[in-house]
Amino acid sequence: MAAQIIDGKAVSAKVKEEVRQEIEREGLEVGLAVVIVGDDPASRVYVNNKKKACEVCGIKSYEYALPAETTEEELLELVDTLNADEKVNGILVQLPLPKHLNEEKVIERISPMKDVDAFHAANVGKIMIGNYAFLPCTPAGCMELIHSAGIDVSGKECVVIGRSNIVGKPMAMLLLHENGTVTVCHSRTKDLKEVCRRADILVAAVGRAGFVTADMVKDGAVVIDVGINRNADGKLCGDVAYDEVAEKASFITPVPGGVGPMTIAMLMKNTVMAKRIQSK
Ligand code: NDP
């Protein structure tokens, strides 16, 4: 039987509408600063989408588009200014940064209270101990999709392919917080296929088009595809060989229209949360 599609567009629209209503109901003034350095076309698309989502939600967005040759000192100075600016509740520095800029140093400079991506070590630590204000947007979006399909994670075998700080590791932690039995796979994992075939919930965050094939998926598994890739025809696609896996899974997220829109919706949620924390 073909899998049910988890519609990330619909779920993200619902999340954004809830954020919009919350802002309107309480008359909140919420601001998000988006910093982009250089002219990476993919980053430009992401930044534009984030600005559009701000408009939908009633969040004021402030864009800082800096030239590729911006020095680390200049960027850190801007972060300091934004940290001190009361109109700015959330600061997002679009990654990747040009090679000469130290991403870790820049992220660490953002005030943890304004770190709406939840990349700062202080926020990552809070996620580890389960006492957090912000969740990283992509894994949080995946969890929202899982919940929207009425899936209870507790006791399930969960396999995450990928161990990046941005997606794989926090994803594993969120599944663990919901009492999943979690395995994290990476490029050195032996018998990846066998490990994946154990999964009731399989999350792919690899960055390779069509990497997860049907023979890696258990019948009836829930498959969450985080990947954003271009196939040979230049078409946007995920890490999952969608057509064949959809024949086997119980639920599946498409690309586009799955995890991607959720990431942005969760960013909006975090920005309102940041406002609340700063107002305390
Ligand atoms: P990274 O490149 O940082 O991490 C990729 C992970 O995949 C690594 O842990 C790597 O293992 C693992 N991997 C690579 N090859 C294999 C293999 N053959 N077998 C098993 N594991 C392998 O990527 P990100 O986590 O940043 O992103 C992953 C994907 O998600 C990308 O396509 C990215 O574009 C997308 N993405 C989508 C977002 C969204 O909003 N939908 C947001 C963020 C990312 P190792 O650690 O051993 O190298």
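Residues numbered from 1 in each chain as written. Predicted model: local features only at pLDDT ≥ 70, side-chain atom pairs only at ≥ 80, totals over all residues. Heavy atoms only, no water.

K.L.:
Kindly report on the site of the ligand, identifying the contributing residues and their values.
P.N.:
Surveying the vicinity of the ligand reveals 21 residues, the closest of which are Arg163, Ser164, Ser187, Ile228 and Thr263. A distance of 3.4 Å separates a nitrogen atom of the ligand from a polar backbone atom of His186. A distance of 3.4 Å is found between a nitrogen atom of the ligand and a backbone nitrogen or oxygen belonging to Val226. Relative to its free-state accessible area of 930 Å², the ligand is covered by the protein chains to the extent of 70%. Applying the majority rule of atoms within 2 Å of the grid points places the ligand in the largest pocket. In the shell around the ligand, the residues fall into 9 nonpolar, 10 polar and 2 charged. (Near = heavy atom within 4 Å. Polar contact = N/O pair within 3.5 Å; in protein donor to acceptor, adjacent residues only side chain to side chain. Areas by Shrake-Rupley, 256 points an atom, 1.4 Å probe, with all protein chains shown as cover. 1 Å grid on protein atoms, 1.4 Å probe; cavity = no way out; pocket = protein on both sides within 12 Å on 5 of 7 lines; lining within 4 Å. Sits in = over half its atoms within 2 Å of the grid points. Nonpolar A, V, L, I, M, F, W, Y, C, P; charged D, E, K, R; others polar.)

K.L.:
Go over the environment of Ser12, please, and point to the residues and values.
P.N.:
If you trace the backbone, Ser12 turns up in helix 1 (residues 8-26). When the C-alpha atoms of Ser12 and Gly168 are compared, they prove to be 21 Å apart, with 156 residues separating the residues in sequence. Residues contacting Ser12, with those up to four places away along its chain left out, are Pro261, Met262 and Ala265. (Helix = DSSP H or I, 4+ residues; strand = E, 2+ residues; numbered from the N terminus. Contact = heavy atoms within 4.5 Å.)

K.L.:
Summarise empty space enclosed by the protein; cite the residues concerned and give the values.
P.N.:
Using the criterion set out here, one finds 2 cavities of 30 Å³ or more in the structure. In this structure, the largest cavity spans a volume of roughly 40 Å³. Around the largest cavity sit Ile91, Leu92, Val93, Leu95, Ile107, Ile110, Asp115, Asp117 and Phe119, which together line it. It is strand 4 (residues 90-93) that contributes the most residues to the lining of the largest cavity, 3 residues altogether. Residues of the lining of the largest cavity, tallied by class, amount to 7 nonpolar, no polar and 2 charged. By volume, the second largest cavity amounts to about 30 Å³. Forming the boundary of the second largest cavity are Ile36, Val37, Gly38, Asp40, Ser43, Gln94 and Pro96. Among the residues forming the lining of the second largest cavity, the class breakdown is 3 nonpolar, 3 polar and 1 charged. (Points joined across faces, edges and corners; volume = space filled by probe spheres on them.)

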